[in-house]
Amino acid sequence: MTRISVSCDAAAGPERVFAVLTDWPRHDEWMVLTRARVTAGDGRSAGSRLAAFTGVGPLGFLDTMEITLWDPPSAVEVRHTGRLVRGTGAFRVLRREGGGSTIVWEEELDLPFGAAGRLGWPLLRPLNEALFRLSLRRLAELSSP
């Protein structure tokens with residue numbers, strides 16, 4: 001298992017950030033190279049299922065998920081159920097004193113590809129974290145009033 005945690009401040013309050021964050025069809029507007037859709041349920045409750053494709057054109061991977069916690073406007077958590085991505089993920093939106101919010105993205109993942117995945121992770125981790133931070137900055141901008 002590996003853990004990633006990145007955060008970003010947003011000018012918008014938690015209600016606005018959470019609304020944009022959980023508008024699944026709009027993920028491609030802020031999450032780098034990713035399109036998401038609801039595959040079961042309403043997408044706004046525990047038990048709903050999501051599918052997110054990350055890649056360019058047909059090259060990429062499908063990340064299937066189940067929402068395990070739905071607590072607007074503070075948190076949404078998922079369990080990754082796909083072949084490649086397994087583990088848990090969470091977005092937390094924290095109200096900042098004086099206005100705005102802090103968005104926290106946390107993932108606890110089983111690394112794929114066995115020993116090769118564990119060996120390659122130290123090289124890929126900084127890139128992954130940078131893409132997560134870029135995505136959060138884009139979410140913060142998109143959520144701005």
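Here the structure is shown first, and the text comes after it.
Computed from a predicted model, the values in this text were never measured in an experiment.

**Q** Just to check I follow, could you spell out the overall build of the chain for this structure?
**A** Within the chain, the regular secondary structure consists of two helices and seven strands. Element order for the chain, N to C, with α for helix and β for strand: β-α-β-β-β-β-β-β-α. Here the chain has a C-alpha radius of gyration of 15 Å; the compact-globule value for 145 residues is 15 Å, and the two agree. In terms of overall dimensions, the chain has a C-alpha envelope of 45 × 35 × 30 Å along the principal axes. Of all 145 residues assigned to the chain, the portion counted as buried reaches 41%. Sequence-distant contacts, at least 24 apart, represent 48% of the contacts inside the chain between residues at least 6 apart. Only carbon and sulfur atoms are counted for the fraction: they give 57% of the accessible area of the chain, which is about 7800 Å². In the chain, 18 positive and 17 negative side-chain charges are present, and the distance between their average locations comes to 5 Å.

**Q** Just checking my understanding: could you explain the packing of aromatic side chains for this structure?
**A** On inspection of all chains with the given rule, the structure shows four aromatic pairs. Measuring from centroid to centroid gives 6.0 Å for Trp 30 and Phe 91, while their planes differ by 80°, and the two rings are edge-to-face. Here Trp 30, found in the loop between α1 (14-21) and β2 (34-40), pairs with Phe 91, found in strand β6 (residues 86-95); they are 61 residues apart in sequence, far enough to count as distant. Their ring planes at 5° and their centres at 3.8 Å tell us that Trp 105 and Phe 132 sit as a pair that is stacked.

**Q** For this particular structure, what's the right way to read a nonpolar patch on the surface?
**A** On the surface, Leu 123, Leu 124, Leu 127, Leu 131 and Leu 134 cluster together into a nonpolar patch covering about 470 Å² of accessible area. Summarising the element assignment, Leu 124 is placed in helix α2 (residues 114-143).

**Q** Would you mind showing me how to read the pairing of strand β4 (residues 59-71) here?
**A** As a general feature of sheets, a regular strand has side chains that alternate between the two faces. With eight bridges joining them, strand β3 (residues 49-56) and β4 adopt antiparallel strand pairing. By the bridge assignment, Ala 52 is partnered in β4 with Asp 63. Strand direction decides the pairing type here: β4 and strand β5 (residues 75-81), joined by six bridges, are antiparallel. Bridged to Trp 70 within β5 is Val 76. Joining the antiparallel neighbours β4 and β5 is a turn of three residues.

**Q** Is there a simple way to explain the nonpolar core in this structure?
**A** A general feature of soluble globular proteins is that nonpolar side chains tend to end up buried together. Counting 28 residues, the largest nonpolar core has Leu 21, Phe 91, Leu 136 and Leu 139 as its most contacted members. Broken down by secondary-structure element, the contributors of at least two residues to this core are β1 (2-10), α1, β3, β4, β5, β6, β7 (101-110) and α2. Setting aside anything within four residues of it in sequence, one finds Phe 91 in contact with Leu 21, Trp 30, Met 31, Ser 74, Ala 75, Val 76, Val 104, Trp 105 and Leu 136.

**Q** Got a minute to help me understand the sheet that holds β5 in this structure?
**A** Reading across from one edge, β1-β7-β6-β5-β4-β3-β2 is the order of the seven strands in this open sheet, with antiparallel pairing throughout. The sheet is open, and its two borders are formed by β1 and β2, each paired with just one other strand. In this sheet, neighbouring strand axes are inclined to one another by 25° on average, regardless of whether the strands run parallel or antiparallel. In this fold α1 packs onto β1, β4, β5, β6 and β7, with an angle of close to 150° to the strand it touches most, β6. Packing of α2 onto the sheet brings it into contact with β1, β6 and β7, and relative to β1 it is tilted by some 25°.

Scoring rules and cut-offs
Residues numbered from 1 in each chain as written. Predicted model: local features only at pLDDT ≥ 70, side-chain atom pairs only at ≥ 80, totals over all residues. Heavy atoms only, no water. Helix = DSSP H or I, 4+ residues; strand = E, 2+ residues; numbered from the N terminus. Rg over C-alpha atoms; globule rule 2.2 N^0.38 Å. Buried < 20%, exposed > 50% of the residue type's maximum accessible area, 1.4 Å probe, protein only. Contact = heavy atoms within 4.5 Å. Areas by Shrake-Rupley, 256 points an atom, 1.4 Å probe, with all protein chains shown as cover. Lys, Arg positive; Asp, Glu negative; His and termini not counted. Charge placed at Lys NZ, Arg CZ, Asp CG, Glu CD. Phe/Tyr/Trp six-rings, centres within 6.5 Å; stacked < 30°, edge-to-face > 60°. Patch = residues over 30% accessible without salt bridge, like charges linked within 9 Å, V, L, I, M, F, W, Y side chains within 5 Å. Salt bridge = Lys/Arg side-chain N within 4 Å of Asp/Glu carboxyl O. Pairing = 2+ DSSP bridges. Core = buried A, V, L, I, M, F, W, Y, C linked by side-chain atoms within 4.5 Å. Axes fitted to C-alpha atoms, helices over the stretch in contact; angles between N-to-C directions.

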